[in-house]
Amino acid sequence: VCSGEELPLSLQHACQERLGHAALYNLYGPTEAAIDVTHWTCDAGQQQGYVPIGRPIANTQIYILDAQGQPVPVGVSGEIHIAGDGVARGYLNRPELTAERFVQDPFSEQADARMYRTGDLGRWRSDGAIEYLGRNDFQVKIRGLRIELGEIEARLAALPQVREVVVVAREEGAGDRRLVAYWVSREGLLEQDVPDVEQLRDHLKAELPAYMVPSAFVRLGEMPLTPNGKVDRKALPAPDLSALQPRVYEAPQTPTEEALASIWQELLGVERVGRNDNFCDLGGHSLLLVQLAARLKDRFDMD
């Protein structure tokens, strides 16, 4: 029985390879709801994606709600809420925190029924199981758009070549935050089978809106960890040029191309711009495009 921390698919496979005679169960739940509230029997045939946390146990209801407290459709992320007999009465001597986290259950016929807001993100699968997507503490706002980092991580982790992934919002300059994806490839993967930056980016573009696609993808041998085994986000390295540029570098060939590359370098804060590079893929966005237009007008005296 695995509980208390997220069960990576790679660990599930390792367990089933070495202990093939044993059944493996993935459970989920916080202390505020009697420890475990969902269960999942791990399938040895699952080769990609996340290990689900499964379905509610007896006498328990799970709601996945949006910011307005409304249930989300299948496949859409939201905050996990727990109701039923396992929900605690509150925090000892902390009435304000109790009121914030233990809220009225509008879906119950009992007037005094309450549910617990977990702060965890999840989504329903079409088979009725739940996928855990991380904490909503890792929600960030970039240029006014709310982004759930766990959702990006889940979509990248669905690739069979990816063993582990962490997405962070890095401050690249005053008020300029950019998404960076750090990932570890699956053990035993041949180098020719390792996806490049363009493949990772194209995969996310097909799954997510453009503003949720990271501007850089950094491949690591292992994730840096804190002494208690959590990913040490502060120790993640700054991305270099290889994490930004998906294409083979080809130098600018004309004075116009050289001038454009120079302007892009200043605006995007990158060391080198090639003639096949994409402004948005290098970290450009709508606000920088306005600055780009102004600089092009100054440099070339044209709109």
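Our subject is the structure listed above.
Reference entry: report on the structure contained in this document.

Scoring rules and cut-offs
Numbering of residues begins from 1 in every chain and follows the order in which that chain's sequence is written. Local features are withheld for residues below a pLDDT of 70 in this predicted model, meaning they are given only at 70 or higher, and side-chain atom pairs are given and counted only at 80 or more; totals for whole chains, interfaces and linings count all residues. Only hydrogens and water are set aside; all other atoms, that is, all heavy atoms of the structure, feed into the side-chain values. For helices the rule is a DSSP run of H or I covering at least 4 residues; for strands it is a run of E covering at least 2, with both sets numbered from the N terminus onward. It only takes one pair of heavy atoms within 4.5 Å for two residues to be counted as in contact. In this count, Lys and Arg are taken as positive residues and Asp and Glu as negative ones, while His and the chain termini are left out. Lysine's charge is taken at NZ, arginine's at CZ, aspartate's at CG and glutamate's at CD. Residue types Ala, Val, Leu, Ile, Met, Phe, Trp, Tyr and Cys, when buried and joined through side-chain atoms within 4.5 Å, form a set referred to as a nonpolar core. Buried residues are those whose accessible area, probed at 1.4 Å on protein chains only, stays under 20% of the maximum for their type, while exposed residues exceed 50% and partly exposed ones sit between those limits. Any two strands are treated as partners once DSSP identifies two or more bridges connecting them.

Observations regarding the overall build of the protein chain
Phase 1 of the analysis: A tally of regular secondary structure across the protein chain gives 7 helices and 13 strands.
Phase 2 of the analysis: Along the first, second and third principal axes, the C-alpha set of the protein chain runs to 70 × 45 × 35 Å.
Phase 3 of the analysis: In the protein chain, of all internal contacts separated by at least 6 residues, the share reaching a separation of at least 24 is 55%.
Phase 4 of the analysis: Positive and negative side-chain charges of the protein chain, numbering 31 and 45 respectively, have mean locations separated by a distance of 2 Å.

Overview of the nonpolar core
The tendency in soluble globular proteins is for nonpolar side chains to be buried as a group.
Phase 1 of the analysis: With 28 residues, the main nonpolar core has Ile147, Ile152, Leu156, Leu179 and Phe217 as its most contacted residues.
Phase 2 of the analysis: Contributions of two or more residues to this core are made by β9 (139-142), α3 (149-157), β11 (162-173), β12 (176-185) and α4 (197-207).
Phase 3 of the analysis: For this core, the leading source of residues is α3, giving 5 residues.
Phase 4 of the analysis: Ala33, Ile80, Tyr116 and Tyr132 belong to the second-largest nonpolar core, a separate cluster that totals 14 residues.

Some words on the sheet that holds strand β1 (residues 25-28)
Phase 1 of the analysis: Strands sit in the order β1-β2-β3 across an open sheet of 3 strands; the sheet is antiparallel. Each having just a single partner strand, β1 and β3 (55-56) make up the two edges of the open sheet.
Phase 2 of the analysis: Relative to β3, strand β2 (residues 38-41) is paired through 2 bridges, and the arrangement is antiparallel. Pairing of His39 across the sheet is with Arg55, part of β3.

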